[in-house]
Every structure is written in C-alpha cells, then in structure tokens.
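Now for the letters of each chain:
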Amino acid sequence: MMLSSYPLWWLALPVLLLPVWWHRQKRQRLKAEPLATARFLPSAAPEQLRVWRWRDRLLLLVRCLMLVTLIAWLAATIFPWRGDTVLLDAGVDKAWAEQQITAAGMSAAQRIELPPNGLQWLRQHERDWRPSARLLIVARGEQIAMPARVPPFSHQVELRTKLPPAAAPTAAASAAPAGPLRGGHHIVLAGAQEQGAAWRSLLAAFARAGDGAERYTLAAEPATATELIIWESPSAPPANWRAPHWWLAAPSPAFPELANASTLNINGLTLKYADSPRGRLWTSDALPPRDADTARALYEAWQQLSPAPAPAYPMPSQTLGGTRSALPAITDAKPAAWLALVLLALFLLERILSHARRS
C-alpha cells in the first residue's frame, strides 16, 4: 500500500480530460462542391468544423496512464519543506515558553501545536523538515513521558520541559478521572444468578493480572465509589442506581439506549456501548468470558479504554537526535522509485505510438 504525505496532488486528476478532449477533436470541412475549374470564383478561406470522434484509442490510454502515474509519483515523493520549527504545548506557561524560545534563538521560527505523543509524531513526520532545520519542543513535563527507548532522529531536537514541583501533584493527574479497573475498585454484581460464579472468577483473574496489586470489592448495591455495575437480569434496576459503567451480558428492554448503540472492535472483541442517564452501558457476546483467552482479551481491551494517567516519569529537558541515517533512507519514500520507472516506460511507449501514427 502506498502511503502519501501529500495527497493533495490527487486533486490534479481532472487534467485527464485534456488528452480526452484532444483525441476527440477532428476538423471536417463544412461544405465541399466538386468543380471543373475554380478560375472564375472569388477566393475564400476554407471553413472547417470540429466534430467529436474517437481516434487513436491506444495512444489515448497510454497518455492517460502516464498522467495518472505522474500524479501518483508526485503524491508519493517526499519533498522536505519545513524550516526551523517550535513545537509548542498549548497548556504550557506562556511567559516561561517565550523565555525558552528566546534562549534557544528560535524567536523567528515557525510555531505549531505539539500533538499528542509528540516524540512519536515527530519521528513519523520528520521527513517534512529540511536537513538544515532546527527543532525545538517546549512543553509541560507531564505531557511527554520518559520512553523506554528514545526514538532516533536525523535532526537535532532540543527538548525543554517544565517539570512540576515534586511535592505537588500535576494538573493532569489531579484533573483526570479515575478510569475503570485501576487501583482499588468497587464493583456491584447484581441480578447474576446462573452466571454469578463466572463473573466472580473473571474479577479474580483481573485481580491477579499485571503486578497483582489490583483489588476488587464486590457489593450488592452501588455506593459513591462504585465504578462498575454488572447487571444480568431482564428486569430494570432500581431507579436510583448510578455508575460510570455498566456491563450487560445481553441487550435488555430495561435499557432502551442500546437500540442505538455504537460498535467498537478491539482486541478481537466486538463491544457495543451507549450512554444513558444511569451511566455508559456496555454489552457483548463475550460477556461473561467463557475461556481464558477471551478473559485476557477483555482485560487488555478494558485497560486500553481506561483514561491514561499522567506519565509517572516526565521527560526532562535534553537534546535528542543525530543517531539516525539521512532522510532519503526513510522506507516510506520507496514507492516513488518504481513509479518513476513506470513513468519512464509509459513515456517511451507514448513516443513510439506517436511516431507510428505520423508515419
């Protein structure tokens, strides 16, 4: 599959109408009368009319293919165009950020907003920058986690982060809601009679997953700290029951919101979810899991759906880069090579057909 960083080139496809229009043009004399002699007739310019008629269809096909290949080659070829750039975290202190940008000598550089997973994004799009470009990242420390392995860069990337005080919790950590199945968890198991043992076994397996530090408390009725209600009854729950998340083994008339549920495919599981005044409703044919593989897939999917906490180890200010080979070695730019060969072959074929038509 060809990946293109410049898909706007495909907007040039209407140029294919030019060879079509050209090949269908044919001049035809409007009126011609046979005469024995034209010596005594006044001189007049010949009148001609353009009429639509297909001709040289093979040559037309080759020319259209050549234009399509040229557009594809332009769309697949990487042209570095960015210069000095500052990737700026939108939530960082503005005064501190201006000080860092000035100290780095990047006041005149272009500024773009730092996307999520900034280092990974920069690694994937680094080919957009010219070889001489300088890159500066200015962000809050909690926005960039310390990776186990720093991505290699061809450019020198200067990272300046503002770390929070050690004694104070970060703003992201204090504002982020506690996701389901993290830390100490309060679960309500209600209406589950035949499947009650299966649900308890599932939660026990969840408690042993990871480092074994997870703890689940089962209750019969929800409380303020309840994160999840597991409901397995066709009847409606009490009107005052609320929880951020509900697990339903099957759609129930007691929850009409599931009629318009959205579908999510993750880890080989198909989950349906819908928001309701009681909380977010989840249902799937995999609930409750009937084997260990399904239980493991459900646990991993639920962890991925949980809000990510602030990084435990914010990345300190440092200079990265200079460990990767030159930009032309990026594998994403390889499709342009074979497209160029195809374009050359089509050009030679078009010249041969054009010469054969004239001879």
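Everything quoted here is computed from the prediction, not taken from an experiment. (Residues numbered from 1 in each chain as written. Predicted model: local features only at pLDDT ≥ 70, side-chain atom pairs only at ≥ 80, totals over all residues. Heavy atoms only, no water.)

### What about unusual backbone geometry?
And then number 1: In this structure, Pro288 follows Leu287 across a cis peptide bond, with omega equal to -10°.
And then number 2: Mapped onto the fold, Pro288 is located in the loop between β13 (279-283) and α7 (292-305).
And then number 3: Positive phi values are uncommon outside glycine, yet Asn117 reaches one of about 50°.
And then number 4: Structurally, the position occupied by Asn117 is in the loop between β4 (110-113) and α4 (118-125). (Helix = DSSP H or I, 4+ residues; strand = E, 2+ residues; numbered from the N terminus.)

### Focus: the nonpolar core
And then number 1: With 22 residues, the main nonpolar core has Trp199, Leu202, Phe206, Ile230, Trp247 and Leu298 as its most contacted residues.
And then number 2: Of all elements in the fold, only β7 (184-190), α6 (196-208), β9 (226-231), β12 (269-276) and α7 reach the threshold of two or more residues within this core.
And then number 3: Sorting elements by how many residues they give to this core places α7 first, with 6 residues.
And then number 4: With sequence-adjacent residues up to four places away left out, Leu202 is seen in contact with Trp247, Pro289, Ala295 and Leu298. (Core = buried A, V, L, I, M, F, W, Y, C linked by side-chain atoms within 4.5 Å. Buried < 20%, exposed > 50% of the residue type's maximum accessible area, 1.4 Å probe, protein only. Contact = heavy atoms within 4.5 Å.)

### Remarks on the confidence of the model for the chain
Interpretation of the predicted coordinates at a detailed level should be avoided for regions scoring low in pLDDT.
And then number 1: The pLDDT averaged across the chain works out to 75; a share of 72% of its residues lies at or above 70.
And then number 2: The least confident element of the chain, judged by mean pLDDT, is helix α5 (residues 171-175) at 36; the most confident is strand β3 (residues 85-88) at 94.
And then number 3: Note on residues 1-5: pLDDT under 50 across the span, and 11 contacts to partners over four residues away in sequence or across chains.
And then number 4: This model gives residues 325-334 a pLDDT under 50, and the stretch forms 13 contacts once residues within four places in sequence are excluded. (pLDDT = per-residue confidence, 0-100.)

### Thoughts on helix α3 (residues 94-103)
And then number 1: Trp96, Ala97, Gln100 and Ile101 are the residues of α3 that are buried. Seen end-on, α3 carries its buried residues on one side only, within an arc spanning 135°. Exposed residues lying more than 90 degrees from the buried face of α3 are Gln99, Thr102 and Ala103.
And then number 2: Structurally, α3 contributes buried residues whose contacts are with β3, β4, β5 (135-140) and β6 (157-162).
And then number 3: Phi for Gly105, located one or two positions after α3, is positive at around 70°. (Arc of directions from axis to C-beta.)

### Observations regarding the sheet that holds strand β14 (residues 318-320)
And then number 1: The 5 strands lie next to each other as β4-β3-β5-β6-β14, forming an open sheet whose pairing is mixed. The two strands at the open ends of the sheet, each matched to only one other strand, are β4 and β14. On average, adjacent strands in this sheet sit at an angle of 20° to one another, irrespective of strand direction.
And then number 2: Across 4 bridges, β3 lies against β5 in parallel orientation. Residue pairing for β5: Leu88 is matched across the bridge by Val138.
And then number 3: Running at roughly 160° to β5, α4 makes contact with β3, β4, β5, β6 and β14 of the sheet. (Pairing = 2+ DSSP bridges. Axes fitted to C-alpha atoms, helices over the stretch in contact; angles between N-to-C directions.)

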